[in-house]
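Chain by chain, the residues run as shown.
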Amino acid sequence: MTEQEIEEMKVAFSVLDKNCDGNLSVSDIQNMVDKLGWQVGEEEIQAFVNKLRNSDSGGINESEFMAWMAKCRERNRDAVLLEAFKQLDKDKNGYISRDELKQGLEVMGEHVSNEVLDTMFNEADLDHDGRINYDEFLHVLNSDDS
């Protein structure tokens, strides 16, 4: 996480810790997750709290909260990337063709020349089979994060 994201999570912890005891309860966490629109069930949150609990406080502290939030953010990022891949894969064959990439870019308002499109496609098509699979799609997006 970036420094800004860490600071945001610390602020979120403080806001959620309504009684200022340094711990969040299952209901505090569930309320936050619901407001963020994340798909995390109460059972998963309870299991997380049970796993991380280092005292009889019944909740988790700030550092435990930060670690869990990083994990949740990553899981939600993965879900968003999978959905983006599915949106580009118009024929639902598990691959993005050159034409599907072009259509996807145009839908996003990105009109690129054939030369730029070919460059983009060829950089993503790591195994040079004329199509982009999900792993190749992730590789390109993750290399942009570095």
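Residues numbered from 1 in each chain as written. Predicted model: local features only at pLDDT ≥ 70, side-chain atom pairs only at ≥ 80, totals over all residues. Heavy atoms only, no water.

Undergrad: Can you help me understand the overall build of the protein in this one?
TA: A count of helical and extended segments in the protein gives 7 helices and 0 strands. Starting at the N terminus, the α and β elements of the protein follow one another as α-α-α-α-α-α-α. A compact globule built from 146 residues should have a C-alpha radius of gyration of about 15 Å, whereas the protein, at 20 Å, is more than 25% larger. Oriented by its inertia axes, the alpha-carbon framework of the protein measures out at about 60 × 30 × 25 Å. The buried share of the protein, taken over its 146 residues, is 29%. Taking the average place of the 15 positive charges on the side chains of the protein and the average place of its 33 negative ones, the gap between the two points comes to 4 Å. (Helix = DSSP H or I, 4+ residues; strand = E, 2+ residues; numbered from the N terminus. Rg over C-alpha atoms; globule rule 2.2 N^0.38 Å. Buried < 20%, exposed > 50% of the residue type's maximum accessible area, 1.4 Å probe, protein only. Lys, Arg positive; Asp, Glu negative; His and termini not counted. Charge placed at Lys NZ, Arg CZ, Asp CG, Glu CD.)

Undergrad: I tried to follow the layout of surface pockets on my own but got confused; where do I start?
TA: In this structure, the largest pocket spans a volume of roughly 490 Å³. Together, 23 residues line the largest pocket, and Leu88, Leu101, Leu105, Met108 and Phe137 are the ones closest to its centre. Looking at the lining of the largest pocket, the elements with two or more residues in it are helix H4 (62–88), helix H5 (98–107), helix H6 (114–124) and helix H7 (134–145). (1 Å grid on protein atoms, 1.4 Å probe; cavity = no way out; pocket = protein on both sides within 12 Å on 5 of 7 lines; lining within 4 Å. Points joined across faces, edges and corners; volume = space filled by probe spheres on them.)

Undergrad: What is the right way to read the nonpolar core from this model?
TA: Across soluble globular proteins, nonpolar side chains show a tendency to be buried alongside one another. Counting residues in each nonpolar core, the largest one holds 19 residues, and the members touching the most others are Ile29, Met32, Val33, Ile45, Phe65 and Trp68. For this core, the secondary-structure elements that each account for two or more residues are helix H1 (3–16), helix H2 (26–36), helix H3 (42–52) and H4. Broken down by element, the residue count for this core peaks at 5 residues, all from H4. In contact with Met32, other than residues within four places in its own chain, are Leu16, Phe65, Trp68 and Met69. Within the second largest apolar cluster, 10 residues are counted, among which are Leu101, Leu105, Leu117 and Ile132. (Core = buried A, V, L, I, M, F, W, Y, C linked by side-chain atoms within 4.5 Å. Contact = heavy atoms within 4.5 Å.)

Undergrad: Got a minute to help me understand the pattern of salt bridges in this structure?
TA: Between side chains of opposite charge, a pair can form when the charged atoms approach closely. This model, assessed by the stated rule, comprises 2 salt bridges. Between Arg98 and Asp118 there is a salt bridge whose closest N-O contact spans 2.6 Å. Remark: Asp118 occurs in helix H6 and Arg98 occurs in helix H5; sequence separation between them is 20 residues. For Arg98, a relative accessible area of 25% gives the class partly exposed. Here Asp118 falls in the partly exposed class, since its relative accessible area comes to 32%. Here Asp129 makes a salt bridge to Arg131, at a shortest N to O gap of 3.3 Å. For Arg131, a relative accessible area of 33% puts it in the partly exposed group. (Salt bridge = Lys/Arg side-chain N within 4 Å of Asp/Glu carboxyl O.)

Undergrad: What should I look at first to understand H6 in this one?
TA: Three or four residues apart is the spacing at which side chains of an α-helix point the same way, because the helix has 3.6 residues per turn. All buried positions along H6 are accounted for by Leu117, Phe121 and Ala124. Looking straight down H6, one finds its buried side chains confined to an arc of 65°; they lie on one side. Counted as exposed and oriented over 90 degrees from the buried face of H6: Glu115 and Glu123. (Arc of directions from axis to C-beta.)

Undergrad: How should the packing of aromatic side chains be read in this particular structure?
TA: By convention here, two paired aromatic rings are described through the distance between centres and the angle between planes. Under the defined criterion, the tally for this structure stands at 4 aromatic pairs. An aromatic cluster of three or more residues is present, and its members are Phe85, Tyr134 and Phe137. Cation over ring: Arg131 sits above Tyr95, and NZ or CZ is 3.6 Å from the ring centre. (Phe/Tyr/Trp six-rings, centres within 6.5 Å; stacked < 30°, edge-to-face > 60°. Lys NZ or Arg CZ within 6 Å of the ring centre and 35° of its normal.)

Undergrad: Would you explain unusual backbone geometry in this entry?
TA: The general pattern is negative phi for most residues beyond glycine and trans for most peptide bonds. Backbone geometry places Lys92, a non-glycine residue, at a positive phi of 55°. If you trace the backbone, Lys92 turns up in the loop between H4 and H5. Phi at His128 takes a positive value of approximately 55°, unusual for a residue other than glycine. Counting through the fold element by element, His128 comes out in the loop between H6 and H7.

Undergrad: Can you help me understand the confidence of the model for the protein in this one?
TA: In low-pLDDT segments, the atomic positions of the prediction should not be examined closely. Residues of the protein with pLDDT of at least 70 account for 93%, and the chain-wide mean is 84. Across the protein, element-level confidence peaks in H6 with a mean pLDDT of 95 and bottoms out in H3 with 74. (pLDDT = per-residue confidence, 0-100.)

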